[in-house]
Each structure stands twice: as C-alpha cells, then as structure tokens.
Amino acid sequence: MIIDTHCHIDGEEFDEDRDAVIERAREAGVEKIFVPAIDLATSRRILTLCQKHPNYLYPMVGLHPEEVRADWQEQLAAIKTLLPPLSSLHHQPILAIGEVGLDYYWSREFEHEQAEAFEEQVRWSVETQLPLMIHCRKAQNEMVGILKRYAQTLPGGVFHCFTGNEQEARELLQFDRFMLGIGGVLTFKKSHLPEVLPNTVPLDRIVLETDAPYMAPVPMRGKRNEPAFTRHVLHKLAESYGVSEVEIAQHTNANVDRVFKKL
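Conventions adopted
- Residues numbered from 1 in each chain as written.
- Predicted model: local features only at pLDDT ≥ 70, side-chain atom pairs only at ≥ 80, totals over all residues.
- Heavy atoms only, no water.
- Helix = DSSP H or I, 4+ residues; strand = E, 2+ residues; numbered from the N terminus.
- Buried < 20%, exposed > 50% of the residue type's maximum accessible area, 1.4 Å probe, protein only.
- Contact = heavy atoms within 4.5 Å.
- Lys, Arg positive; Asp, Glu negative; His and termini not counted.
- Charge placed at Lys NZ, Arg CZ, Asp CG, Glu CD.
- 1 Å grid on protein atoms, 1.4 Å probe; cavity = no way out; pocket = protein on both sides within 12 Å on 5 of 7 lines; lining within 4 Å.
- Points joined across faces, edges and corners; volume = space filled by probe spheres on them.
- Nonpolar A, V, L, I, M, F, W, Y, C, P; charged D, E, K, R; others polar.
- Salt bridge = Lys/Arg side-chain N within 4 Å of Asp/Glu carboxyl O.

Caption draft 1: Here's a closer look at the overall build of the protein chain. When its secondary structure is counted, the protein chain shows 9 helices and 8 strands. Projected onto its principal axes, the C-alpha coordinates of the protein chain cover approximately 45 × 40 × 35 Å. Here the protein chain holds 263 residues, and the buried ones make up 57% of them. Counted over contacts in the protein chain with a minimum sequence separation of 6, partners at least 24 positions apart contribute 75%. Here the protein chain holds 28 positive side-chain charges and 39 negative ones, and the gap between their average locations is 3 Å.

Caption draft 2: Representation of the environment of serine 43. Note that serine 43 resides in helix α2 (residues 40-52). Considered as a pair, serine 43 and glutamate 195 are 152 residues apart in the sequence and their alpha carbons are 36 Å apart. Apart from the residues lying within four places of it in its own chain, the contact partners of serine 43 are Ala37, Val61, Gly62, Ile79 and Leu82.

Caption draft 3: Representation of the layout of surface pockets within the structure. If you add up the space inside the largest pocket, you get close to 960 Å³. Along the wall of the largest pocket there are 37 residues; nearest its centre are His135, Cys136, Arg137, His160 and Cys161. By residue number, the principal contributor to the lining of the largest pocket is strand β5 (residues 132-137), which donates 4 residues. Of the residues that constitute the lining of the largest pocket, the class distribution is 14 nonpolar, 11 polar and 12 charged.

Caption draft 4: Broad picture of unusual backbone geometry. With omega at 15°, the peptide bond leading from glycine 98 into glutamate 99 counts as cis. Tracing the sequence through the fold places glutamate 99 in strand β4 (residues 96-103). Here the amide bond leading from alanine 212 into proline 213 is cis, since omega sits at 15°, within 30 degrees of zero. Structurally, the position occupied by proline 213 is in the loop between β8 (206-208) and α8 (230-241). Even without glycine at this site, glutamine 129 takes up a positive phi of about 60°. Here glutamine 129 lies in the loop between α4 (111-128) and β5. Looking at glutamine 129, the relative accessible area reads 40%, which means it is partly exposed. You will see that methionine 215, though not glycine, has its phi angle at about 50°, which is positive. Here methionine 215 lies in the loop between β8 and α8.

Caption draft 5: Quick look at the pattern of salt bridges. For the structure shown, the criterion picks out 19 salt bridges. The shortest N-O distance in the salt bridge between arginine 149 and glutamate 119 comes to 2.9 Å. On the criterion of sequence distance, the pair formed by arginine 149 in the loop between α5 (140-148) and β6 (157-159) and glutamate 119 in helix α4 is long-range, its members being 30 residues apart. Among the residues examined, arginine 149 registers a relative accessible area of 53% and is labelled exposed. With a shortest N-O distance of 3.9 Å, glutamate 245 and arginine 231 are connected by a salt bridge. On the criterion of sequence distance, the pair formed by glutamate 245 in helix α9 (residues 245-259) and arginine 231 in helix α8 is long-range, its members being 14 residues apart. A relative accessible area of 30% means that glutamate 245 is categorised as partly exposed. It is possible to trace a salt-bridge network through shared partners that takes in Asp17, Arg24, Arg224 and Glu226.

So, in structure tokens, the structure goes:
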C-alpha cells in the first residue's frame, strides 16, 4: 500500500469520473490521497469533497503562490478562518497548510506579495503545528531564507515536486523535519533525478506524489495523471535506489507518518 501525498483530485479534470479515479487508485494500492488547495474557493471545495471520502481523501488549505493577486490579504484572512483554534486541533480534519510557497517562473509581478503571503502561512504552520506543503519554482534561495527564520519551530512538511540537483537537494535536506516529494518527473527520459536522488537523498527523506492531473509519469506521459499512476513512480524509485518496491513503500509510508502525525 502506498500514499499519494499530492493530488488535485478536486479539479474539473476529474468532474466526469472522480469516483472511478478513486476506485482505480484503491485497486492500484493507493491507500490515502492528500489533496492540496490553491485558494479560498478550492480550500472550501476540498473540505467538502474530503468529507465525502473520509479516511481516504485528506484536505489541505492555503494560497498557492501563482494565485497571489492584489486581494491576497483578503484571501488569506478568509482561509485562516478554516483553521481551527489550537485547543481543537485534534477534532479537525485539515491535514496540512498547502499548497503554499514561491513561484517566480512566469512572473515577478507579485514577488513581494508572494513572499509576504508565504511567510504568513509559514507562521500559521508554527501556530497550529500543521505541516506545510511547499511549492517552489525559480525561488529556492528566497524560500530557504524565509524558512530559516522559523526552522526551529516548524513542525515539518514536504517540498513538493522536487526536480533539482544535488546541491539543491542538500540545501533542502537541512530542514530535517521536511521530506522531498517525488513524482512523475523522476520517470522522464531527460530527468537527472534517477542519479541525483540515490547519491544525495536517503530513503527516509522521500514521499511519493503524482500532482495529478499534471505531469503523468512514463509510460502514461501525455495522458491525464491520476493517483493510480503513483505505482509508476514507486517502480522507478525502486529501480533508481536498487531496492525492492516493498522497501520503497515501507520507507515512504513511514516518512508520511512522521510528517503528517494527525492521520
């Protein structure tokens, strides 16, 4: 049994066959699916969806960096109302704060606002002790700078969709309560991850993910990604590390348990 730690199964891409997608995931041995939000609307939608699939779909809430606009403060204020007070954390269904982070790949128009929004949500993580699901693209230096200010009090989290080199991996591994999320990119023909990961990242620092419906792994590349395809990531990781798929599953499941303690 394995866990897909990052799947946008709430998206419109699954509106026609969401229940069938979930059933295929179960049949493929995916025992849990974690569902990140990107803004206020998806945060609310995800909470409703996950209530329909208890103990299988697990919700996160947050503001994605690409969704940071002029109204980012209003968005954050509303999203924060979805978080419980500290006294009732053990009653709440929210798994983590995410998908949050920095993304300067397409535009730096809201660069400073992204940084402020990210840091605010990092503070939520400290306050609630809910882990972070972090998206970072073309902004690792800036992200690391923010996280360092809270490193001693953060509960941990996942650096989602890691695709970097050995130096970038080592920089992220310094945050010892965080995992690297590995998905379909690992299987791509030009990916350097099959070499980078075994040389740099121990198996106790990796979790599996799909980022479905995006970035389907080989041999499904070009198709809509879905959580059942986590098996292909598992297979490639086992091949890269020279261990069995069972061993990869055991390590990654244990890593999920360490970070997401409220499962």
